[in-house]
Amino acid sequence: MDIEANLAAIRSRIDAACERAGRNPSEVTLMAVSKGQSASTVEGALAAGLTLFGENRVQEAKIKISQCSNRCRWQLIGHLQSNKCRDAVHFFEKIQSVDSLDLARELNKFADKSAKNLPILLEVNMAKEASKFGYDPELLLQELEDLNRLTKIEIMGLMTVAPWSPEPEKVRPIFRQMKELLDQCSAKLGAPLTELSMGMSGDFEVAIEEGATLVRIGTALFGARPLPPKN
Ligand SMILES: *Cc1c(COP(=O)(O)O)cnc(C)c1O
């Protein structure tokens, strides 16, 4: 595994996708998805210039975070259970996987207790896959104002995991609908939501062409995961 070479290849693919879409590459943040990877692998990625890491599970992340440099920034991208909210608020700078009002309320409570504001993304199950977590887009629009009333969480934008397909072109409509939903949410709140977290190793270029501001890359960077998480 050569993180530096993989990173260079990913960056040039990001640049090319931005070029095709008439976007500036500085608009797209690269998150390294380190679930299933060791702390020393994370340190290698940090040395290669990556600073933002995504983890799926609070328990796994807690241990890893304690073993890694404090220059690493950590965000949660996996499903969160309400009994892990206290730790999640403590260990992550942002939660990308908020998918219900109850969960948002719980996070708001712990953010309040620790006297901080917690930036979040709302996860959307745009393709309505039974196997996936995330808000139904219609329900999200219904609950958006209630979510926005929670004073300690700050809604920055939306996140999705697109259906898996060997042909990324097939999921382009999902990414496009995400961008439309982001704009609808902004209109509803009367304030722009600016972040759109979408695109993984298999589909990040299409996601960027459709407006992603953050791509979450695991295997294209680190290779196959040595310890596949259960999630
Ligand atoms: C694992 C994971 C990723 C990264 O997937 P790769 O295909 O390895 O790039 C991105 N987002 C979420 C939510 C994930 O669980």
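Heads up: the structure comes first, above all this text.
Residues numbered from 1 in each chain as written. Predicted model: local features only at pLDDT ≥ 70, side-chain atom pairs only at ≥ 80, totals over all residues. Heavy atoms only, no water.

Undergrad: Would you explain the overall build of the protein in this entry?
TA: Helices and strands together make up the secondary structure of the protein, namely 9 helices and 8 strands. The C-alpha radius of gyration computed for the protein amounts to 17 Å, which stays within 12% of the reference 17 Å derived for 231 residues, consistent with globular compactness. Taking all 231 residues of the protein together, the buried fraction comes to 51%. Taking the intrachain contacts of the protein between residues at least 6 apart in sequence as the baseline, contacts between residues at least 24 apart amount to 60%. Per element, the accessible surface of the protein, about 10,700 Å² overall, is 49% carbon and sulfur. Once the 29 positive and 31 negative side-chain charges of the protein are each reduced to a mean point, those two points are 5 Å apart. (Helix = DSSP H or I, 4+ residues; strand = E, 2+ residues; numbered from the N terminus. Rg over C-alpha atoms; globule rule 2.2 N^0.38 Å. Buried < 20%, exposed > 50% of the residue type's maximum accessible area, 1.4 Å probe, protein only. Contact = heavy atoms within 4.5 Å. Areas by Shrake-Rupley, 256 points an atom, 1.4 Å probe, with all protein chains shown as cover. Lys, Arg positive; Asp, Glu negative; His and termini not counted. Charge placed at Lys NZ, Arg CZ, Asp CG, Glu CD.)

Undergrad: Would you mind showing me how to read the site of the ligand here?
TA: Taken together, Val 33, Lys 35, Asn 56, Ile 77, Val 161, Met 200, Ser 201, Arg 216, Ile 217, Gly 218, Thr 219 and Arg 225 make up the full set of residues near the ligand. At a separation of 2.5 Å, an oxygen atom of the ligand approaches a polar side-chain atom of Ser 201. A distance of 2.8 Å separates an oxygen atom of the ligand from a polar atom in the backbone of Thr 219. Protein chains bury 90% of the 390 Å² of accessible surface belonging to the ligand in isolation. (Near = heavy atom within 4 Å. Polar contact = N/O pair within 3.5 Å; in protein donor to acceptor, adjacent residues only side chain to side chain.)

Undergrad: Would you take a moment to explain helix 6 (residues 137–148) for this structure?
TA: In an α-helix, one turn spans 3.6 residues, which is why side chains three or four residues apart end up on the same side. Taking 1.5 Å of rise per residue, the 12 residues of helix 6 would be expected to cover 16 Å, and the 16 Å separating its terminal C-alpha atoms lies within 8% of that figure. Those residues of helix 6 that fall on the buried side of the exposure criterion are Pro 137, Leu 140, Leu 141, Glu 143, Leu 144 and Leu 147. In the core, the buried residues of helix 6 are packed alongside helix 5 (101–113), strand 5 (118–123), strand 6 (153–159) and helix 7 (172–189). Where helix 6 begins, one side-chain oxygen reaches toward the backbone nitrogen of Glu 138, 2.9 Å away; that side chain belongs to Asp 136. (Expected span 1.5 Å × (residues − 1).)

Undergrad: Would you mind showing me how to read the nonpolar core here?
TA: In summary, soluble globular proteins display a tendency toward joint burial of nonpolar side chains. With 70 residues, the main nonpolar core has Ile 95, Leu 107, Leu 122 and Leu 140 as its most contacted residues. Counting residues per element, this core draws most heavily on helix 7, at 7 residues. Those residues in contact with Leu 107 that lie beyond four places of it in its chain are Leu 80, Cys 85, Val 89, Ile 95, Val 98, Leu 118 and Ile 153. Counting residues in each nonpolar core, the second largest holds 7 residues, with Val 33, Leu 121, Met 159 and Leu 214 among its members. (Core = buried A, V, L, I, M, F, W, Y, C linked by side-chain atoms within 4.5 Å.)

Undergrad: How should the packing of aromatic side chains be read in this particular structure?
TA: What characterises a pair of aromatic rings is the spacing of the ring centres plus the angle enclosed by the ring planes. If you walk through the whole model with that rule in mind, you get 1 aromatic pair. Arranged with centres 5.4 Å apart and planes meeting at 35°, the rings of Phe 53 and Trp 74 form a pair that is tilted. Taken together, the residues Phe 53 in strand 2 (residues 52–55) and Trp 74 in strand 3 (residues 73–76) connect sequence positions 21 residues apart. When sorted by exposure, Phe 53 lands in the same class as Trp 74, which is buried. (Phe/Tyr/Trp six-rings, centres within 6.5 Å; stacked < 30°, edge-to-face > 60°.)

Undergrad: Explain the packing of helix 6 against helix 7 to me, please; I cannot follow it from the model alone.
TA: For the pair helix 6 and helix 7, interaxial distance at closest approach is 10 Å and the crossing angle is 35°. Along this stretch, helix 6 crosses helix 7, giving a crossing that reads as right-handed. Each of Pro 137, Leu 140, Leu 141, Leu 144, Glu 145 and Asn 148 in helix 6 lies in contact with helix 7, whose residues at this interface are Leu 181, Gln 184, Cys 185, Lys 188 and Leu 189. (Axes fitted to C-alpha atoms, helices over the stretch in contact; angles between N-to-C directions. Left-handed = near helix turned anticlockwise from the far one by under 90°.)

Undergrad: I keep staring at helix 3 (residues 58–67) and nothing clicks. Help me out?
TA: Listed in full, the buried residues belonging to helix 3 are Val 58, Glu 60, Ala 61, Lys 64 and Ile 65. The arc that holds the buried residues of helix 3, viewed along the axis, is 150°, so those residues lie on one side. Residues of helix 3 that are exposed and point over 90 degrees away from its buried face: Ile 63 and Ser 66. Residues of helix 3 that are buried sit in contact with helix 2 (39–47), strand 2, strand 3 and helix 4 (85–91). (Arc of directions from axis to C-beta.)

Undergrad: For this particular structure, what's the right way to read the pattern of salt bridges?
TA: Side-chain pairs of opposite charge can arise whenever the charged atoms involved come near each other. Tallying each qualifying case throughout the model produces 20 salt bridges. For Glu 209, the salt bridge goes to Arg 20, with nearest N and O atoms at 2.7 Å. With Glu 209 in helix 8 (residues 204–209) and Arg 20 in helix 1 (residues 3–21), this pair connects stretches of sequence that are 189 residues apart. Its relative accessible area of 23% is what places Glu 209 among the partly exposed residues. Residue classification places Arg 20 among the exposed positions, given a relative accessible area of 51%. Close ionic contact of Glu 55 with Lys 64 constitutes a salt bridge, the shortest N to O distance being 2.8 Å. (Salt bridge = Lys/Arg side-chain N within 4 Å of Asp/Glu carboxyl O.)

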